[in-house]
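# Chains, contacts and geometry: an overview
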Amino acid sequence: MADYRAMWAQLGLDLEAHDALLKVLGEGYQSLFLSQKNRPQAMGYFDFVMSEVHGLRIKELQDAKAAGRKVIGSFCVFVPEEIILAADAISVGLCAGAEFAFAEAEKLLPRNTCALIKSFFGFKLGRVCPYIESSDMVVGETTCDGKKKSYESFQELQPNLYVMELPQMKEPRDREILKSEYERFKRAIEKLTGVKIDAARLKKGIQTVNAKRRALHRLAALRSADPAPISGLDGLLINQVAFYDDPARFTESVNKVCDELEARVRKGDGVAPKGTPRILISGCPMAVPNWKVPSIIESSGAVIVGEESCVGERGQRNLVDESGTTQKALMDAIVERYFQIDCAIFTPNPDRLQHIEDMAKAYRADGVIHYALQFCQPYTIESYAVEQKLKSKGVPVMRLETDYSQEDIGQLKVRVETFIEMLRQQRSSRKG
Ligand code: BJ8
């Protein structure tokens, strides 16, 4: 790896703390990802991206900034990348998947705040995230109460924070709120970049993001094969990298993985034997390097075949209609696509329940593990309805609540193993 220390210092990172973070990240990656058997060769690209996630990619961002482009960081899949790309700006997800400087974060936030929120405060306070330090604008949103209220104090740490208001229901008036907020966001991006977003630019942005989503849909569909052609850890990793990488390069790399997976499916080759219990994960997003629950599941004899999550299908489902010819028609099409996102912050939220059921069927899952971060009210509360719905359809389900610490791994593993054993027995009794 090249020496990026001067660049990190220039970004104001705490080099010592950052070294420690990279060390943990590298070791975790090595033991969880590189030790997997029969990985698709095309995953080599994603290994490279991860090895350079704070290096080469940040250098690319700095070079783009030097050439006059802007970087927009965001925390939620409601922030439309299409509008950002239309202004020739770069969209990056701000990861919040590790326990870092939580003691500092807890000086500003109650202890019983979800780990995802504490994590982005910790990364900022600990000065270890080159993405946030590269961002010319950071976009927050009024989704859950935790995020909505914590942005009030985050603004003091991150003065270029922009907060987008999001509706909480799916009535026609809520669509209007989303529409006016996307218009306001477009104006803010135009002001920041000095670029006027016309129909041609918007269409190009939409086409780029649609291509990325099509590649991810292709990947998701291939995971319905038994034996599974790719592990859940690698499937999740690809969905995580979607938030950082250059979109065109990412799309090409996902399609290469898919070409290889198609050949595997034709040959009946997989990462685990045919008949291995298949799990669908549903719930809170898992940002890099939050690989805890997937690694527990896959080291307990099951394979994950899909993620009903914002880092997964909820975040990437549906395309924007590209056919409009006016700026207004294209903006309406963007609103139409994003308004369908069924995050648990919406009430009521029947679409999500249906979506989980549909995914379990489409990916031939034997069971669903609902994953919620502790203190995340939207997803923990909604997990009851998810359980009821799935049980009524005969789909086994287990609800987990956890955080980013390592302390409960033993306990979680015992529960997951018991669940998987139950799925295995169900499978064999179906056969018999
Ligand atoms: S669209 S899921 S990315 S809001 S885990 S911070 S909900 S208390 S992340 Fe999300 Fe957008 Fe919804 Fe998706 Fe709050 Fe829960 Fe924490 Fe969460």
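These notes cover the structure that comes with them. (Residues numbered from 1 in each chain as written. Predicted model: local features only at pLDDT ≥ 70, side-chain atom pairs only at ≥ 80, totals over all residues. Heavy atoms only, no water.)

## What about the packing of aromatic side chains?
We apply this condition: Aromatic contacts are taken between Phe, Tyr and Trp rings whose centres are within 6.5 Å, Trp giving its six-membered ring; a plane angle under 30 degrees counts as stacked, one over 60 as edge-to-face, and the others as tilted. Two limits define a charge over a ring: the Lys NZ or Arg CZ must be within 6 Å of the ring centre, and within 35 degrees of the ring normal.
All chains considered together, the criterion is met by 18 aromatic pairs. By the ring-pair criterion, three or more aromatic residues cluster together here, those being Phe 75, Phe 120, Phe 121, Tyr 151 and Phe 154. The positively charged end of Lys 170 is found above the aromatic ring belonging to Phe 339, 5.8 Å away from the centroid. Between Lys 170 and the ring centre of Phe 346, over which it is positioned, the NZ or CZ distance is 4.3 Å.

## Observations concerning the nonpolar core
For clarity, the threshold we go by: Joining through side-chain atoms within 4.5 Å is the link that ties buried Ala, Val, Leu, Ile, Met, Phe, Trp, Tyr and Cys residues into a set, and such a set is a nonpolar core. Buried means the residue's accessible area, taken with a 1.4 Å probe over protein chains only, is under 20% of the maximum for its type, while exposed means over 50%, and partly exposed covers the values in between. Helix numbering and strand numbering both begin at the N terminus, where a helix is a DSSP run of H or I of at least 4 residues and a strand a DSSP run of E of at least 2. Whether two residues are in contact is decided by their heavy atoms: any pair within 4.5 Å suffices.
Formed by 129 residues in total, the largest nonpolar core has its most connected members in Phe 78, Tyr 182, Phe 185, Ile 238, Trp 291 and Ile 297. No other element matches helix α11 (residues 199-222), which puts seven residues into this core. Excluding residues within four positions of it along the chain, Trp 291 makes contact with Leu 25, Tyr 29, Leu 32, Phe 33, Met 50, Leu 233, Leu 236, Leu 237 and Gln 240. Counting residues in hydrophobic clusters, the runner-up holds 16 residues, among them Ala 220, Ala 360, Tyr 363 and Val 397.

## Let's talk about the pairing of strand β3 (residues 137-141)
Heads up, the condition is: In this scheme, strands are said to pair when DSSP sees at least two bridges between them. Viewed with both strands pointing away, a crossover whose connecting path from the first strand over the helix to the second turns clockwise is right-handed.
Across the five residues that make up β3, a large majority, five, are buried. Burial along β3 is two-sided: Met 137, Val 139 and Glu 141 and Val 138 and Gly 140, pointing in opposite directions, are all buried. Relative to β3, strand β1 (residues 71-74) is paired through three bridges, and the arrangement is parallel. Paired with Gly 73 across the two strands is Val 138, which belongs to β3. Pairing between β3 and strand β4 (residues 161-164): four bridges, direction parallel. Note that in β4 the partner of Val 138 across the bridge is Leu 161. Assessed by its sense of winding, the connection that carries the chain from β3 through helix α9 (residues 145-157) to β4 is right-handed.

## Some words on the pairing of strand β6 (residues 303-308)
Within β6, six of the six residues are buried, leaving the element largely enclosed by the surrounding structure. Here strand β5 (residues 278-283) pairs with β6 via five bridges, running parallel. Residue pairing for β6: Ser 282 is matched across the bridge by Glu 308. Read from β5 through helix α14 (residues 292-298) to β6, the crossover connection turns out right-handed.

## Observations regarding helix α18 (residues 377-392)
Quick note on the threshold: Under the convention used throughout, the expected extent of a helix is 1.5 Å for every residue step, that is, one less than its residue count.
In this model, α18 (16 residues) spans 23 Å end to end at C-alpha, consistent with the 22 Å of a helix rising 1.5 Å per residue. Pro 378, Tyr 379, Thr 380, Glu 382, Ser 383, Val 386, Glu 387 and Leu 390 are the residues of α18 that are buried. Buried residues along α18 sit against β5, α15 (313-316), α17 (350-362), β7 (367-373) and β8 (397-402). Remark: Gly 394 follows α18 within two positions and exhibits a positive phi of approximately 80°.

## Some details on the environment of Ala 221
Topologically, Ala 221 is positioned in helix α11. Given the relative accessible area of 46%, Ala 221 is considered partly exposed. Placed 154 residues apart in sequence, Ala 221 and Ala 67 show a C-alpha to C-alpha distance of 39 Å.

## Re unusual backbone geometry
The amide bond that connects Val 288 to the next residue, Pro 289, takes the cis arrangement and shows omega of -5°. At the junction of Thr 347 and Pro 348, the peptide bond is cis and its omega measures out at -15° in the coordinates. Within the secondary structure layout, Pro 348 lies in the loop between α16 (327-338) and α17. The phi dihedral of Asp 88 falls on the positive side, at around 60°, and the residue is not glycine. Summarising the element assignment, Asp 88 is placed in the loop between α5 (81-86) and β2 (90-93).

## As for the packing of α17 against α18
Axis angle and axis distance: for two packed helices, these are the angle between their axes and the distance between the axes, and together they describe the pair. Spelled out, the test is: Structural elements are reduced to axes, namely lines fitted to C-alpha atoms, with helices fitted over the stretch in contact, and the angle between N-to-C directions of any two is expressed from 0 to 180 degrees. Orientation categories follow fixed angle ranges, with anything under 35 degrees roughly parallel, anything over 145 roughly antiparallel, 65 to 115 roughly perpendicular, and all other angles oblique. Crossings are sorted by hand: turned counterclockwise from the far helix by less than a right angle, the near helix makes the crossing left-handed, and turned clockwise it makes it right-handed.
At their nearest, the axes of α17 and α18 sit 10 Å apart, and the two run at 55° to each other. By the angle between their axes, α17 is oblique relative to α18. Seen along the crossing, α17 lies across α18 with a hand that is right-handed. Only Tyr 379, Glu 382, Ala 385, Val 386, Lys 389 and Leu 390 of α18 make contact with α17, whose side of the interface consists of Arg 352, Leu 353, Gln 354, Ile 356 and Glu 357.

## Concerning the sheet that holds β2
Two strands in a sheet stick together by hydrogen bonds in their backbones, pointing the same way (parallel) or opposite ways (antiparallel). The strand order β2-β1-β3-β4 describes an open sheet built from four strands, whose pairing is parallel. Since the sheet does not close on itself, it has two edges, and those belong to β2 and β4, each with one partner. Across the sheet, the mean angle separating the axes of adjacent strands is 30° when strand polarity is ignored. Sheet contacts for helix α4 (residues 56-66): β1 and β2; angle to β2, the most-contacted strand, approximately 145°. Contacting β1, β3 and β4, helix α10 (residues 172-193) runs over the sheet at an angle of about 160° to β4.

## Overview of the side chain of Arg 278
The test is simple: Counted as a polar contact is a pair of N or O atoms within 3.5 Å, where, for protein atoms, one must be capable of donating a hydrogen and the other of accepting one, and residues adjacent in sequence contribute only when both atoms are in side chains.
For Arg 278, the position within the fold is in strand β5. At 3.0 Å, the side chain of Arg 278 forms a polar contact with the backbone oxygen of Arg 223. Polar contacts involving the side chain of Arg 278 include one to the main-chain carbonyl oxygen of Tyr 363, which spans 2.9 Å.

## Some words on the sheet that holds β5
Ordered by their spatial adjacency, four strands build an open sheet running β6-β5-β7-β8, and the pairing between neighbours is parallel. Both outer strands of the open sheet, β6 and β8, are each paired with one neighbouring strand and no more. For this sheet the average axis-to-axis angle between neighbouring strands, irrespective of direction, equals 25°. The pairing of β7 with β8 spans six bridges and is classified as parallel. In the sheet register, Val 368 faces β8, and the bridge partner there is Val 397. Each of β5, β7 and β8 touches helix α19 (residues 409-431); the most contacted strand, β8, lies at about 170° to it.

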